[in-house]
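# Chains, contacts and geometry: an overview
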Amino acid sequence: MTDGNTTDALTRLEQEGEIAADYLEGLLDIADLDGDIDMDVEGDRASVSIVGDSSSRDLNKLVGRDGEVLEALQELTRLAVHRETGDRSRLMLDIAGFRAQKRAELTELGEKAAEEVKGSGEPIKLKPMTPFERKVVHDAVAAAGLRSESEGEEPERRVVVLPAS
């Protein structure tokens, strides 16, 4: 990419983050919840986080059981961005650090599975996961020097860690 294209892409991702932040601020106002919005660009996607003080447990309502509400809010936020820009968004949303903590846990899971496959030489099928979860595990397995693939249909799609060829 040239510098102009890089600048254009960064500007577009920053715009996505700003649109998402406005949408989420409105949502927090409607729900009468306290939280601050942090925006960033991570790689090739906008990243928006809703953070609260350590005593605020209300934001956990926006995470839901196993992040189900968070996933739904992320899709709604992506739709709000799409409505404004006309472009599909790959924006990532985190609330109260849930996704960051989940990423650390999944990275560890991927590393452990890779070590087990290296030791046994046998593939391992992991439990069904969301697309976000599978991506984190695939990245951890690749970093450990092995390969992995996804198999099955949603919502039963899972990662299979494969031995080195």
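Right above here is the structure, for reference.
The structure displayed is predicted, hence computed values, not measured ones.

For the rest of this paragraph, the subject is the overall build of the chain. A count of helices and strands for the chain gives five helices and six strands. Along the first, second and third principal axes, the C-alpha atoms of the chain reach 50 × 45 × 30 Å. Put simply, the chain has 165 residues, and 35% of those count as buried. Considering only contacts in the chain between residues 6 or more positions apart, those separated by 24 or more positions represent 56%. When the 21 positive and 37 negative side-chain charges of the chain are each reduced to one mean point, those points stand 7 Å apart.

Here we come to the sheet that holds strand S1 (residues 36-42). Read from one edge of the open sheet, three strands run S1-S2-S3, paired in mixed fashion. The sheet is open, and its two borders are formed by S1 and strand S3 (92-95), each paired with just one other strand. Strand-to-strand twist in this sheet, taken as the mean axis angle between neighbours without regard to direction, amounts to 20°.

Here the focus is the pattern of salt bridges. All chains considered together, the criterion is met by 14 salt bridges. For the salt bridge of aspartate 139 with lysine 135, the shortest nitrogen-to-oxygen distance reads 2.8 Å. Taken together, the positions of aspartate 139 and lysine 135, both in helix H5 (residues 131-143) and four residues apart, correspond to about one turn of that helix. The exposure class of aspartate 139 is partly exposed, given its relative accessible area of 41%. In this structure lysine 135 comes out as partly exposed when scored by relative accessible area, which is 45%. The partner of glutamate 156 in a salt bridge is arginine 158, and the shortest N-O contact between them spans 4.0 Å. On the basis of relative accessibility, which here comes to 47%, the residue glutamate 156 falls in the partly exposed class. Looking at arginine 158, the relative accessible area reads 22%, which means it is partly exposed.

Attention now goes to the environment of arginine 158. Locating arginine 158 in the fold gives a position in strand S6 (residues 158-162). In this structure, the C-alpha to C-alpha distance between arginine 158 and aspartate 29, residues 129 residues apart in sequence, is 37 Å. When sequence neighbours within four positions are dropped, the list of residues in contact with arginine 158 reads Lys125, Leu126, Lys127, Pro128, Arg134, Glu149, Ser150 and Glu151. Engagement of the side chain of arginine 158 in a polar contact is seen with the backbone oxygen of leucine 126, the distance being 2.9 Å.

If you look at the biggest cluster of nonpolar residues, it comprises 19 residues, and the most contacted ones within it are Leu28, Ile37, Val48, Ile50, Leu62, Leu93 and Ile95. Elements with a contribution of two residues or more to this core: helix H1 (3-31), strand S2 (45-51), helix H2 (60-63), helix H3 (68-85) and S3. No other element matches the five residues that H1 contributes to this core. Contact partners of leucine 62, with chain neighbours within four places excluded, come to Leu28, Leu33, Val69, Leu70, Leu73 and Ile95.

This part takes up the packing of aromatic side chains. Per the stated rule, a full pass over the model turns up zero aromatic pairs. Over the face of the ring belonging to phenylalanine 132 we find arginine 99, whose NZ or CZ atom lies 4.5 Å from the ring centre.

What follows is about the side chain of arginine 45. The residue arginine 45 is located in strand S2 in this model. The charged side chain of arginine 45 is buried without a salt bridge, its nearest counter-charge being aspartate 44 at 4.4 Å. Residue contacts for arginine 45: discarding those within four places in its chain leaves Leu13, Asp40, Arg78, Arg90 and Met92.

Conventions used here
Residues numbered from 1 in each chain as written. Predicted model: local features only at pLDDT ≥ 70, side-chain atom pairs only at ≥ 80, totals over all residues. Heavy atoms only, no water. Helix = DSSP H or I, 4+ residues; strand = E, 2+ residues; numbered from the N terminus. Buried < 20%, exposed > 50% of the residue type's maximum accessible area, 1.4 Å probe, protein only. Contact = heavy atoms within 4.5 Å. Lys, Arg positive; Asp, Glu negative; His and termini not counted. Charge placed at Lys NZ, Arg CZ, Asp CG, Glu CD. Pairing = 2+ DSSP bridges. Axes fitted to C-alpha atoms, helices over the stretch in contact; angles between N-to-C directions. Salt bridge = Lys/Arg side-chain N within 4 Å of Asp/Glu carboxyl O. Polar contact = N/O pair within 3.5 Å; in protein donor to acceptor, adjacent residues only side chain to side chain. Core = buried A, V, L, I, M, F, W, Y, C linked by side-chain atoms within 4.5 Å. Phe/Tyr/Trp six-rings, centres within 6.5 Å; stacked < 30°, edge-to-face > 60°. Lys NZ or Arg CZ within 6 Å of the ring centre and 35° of its normal.

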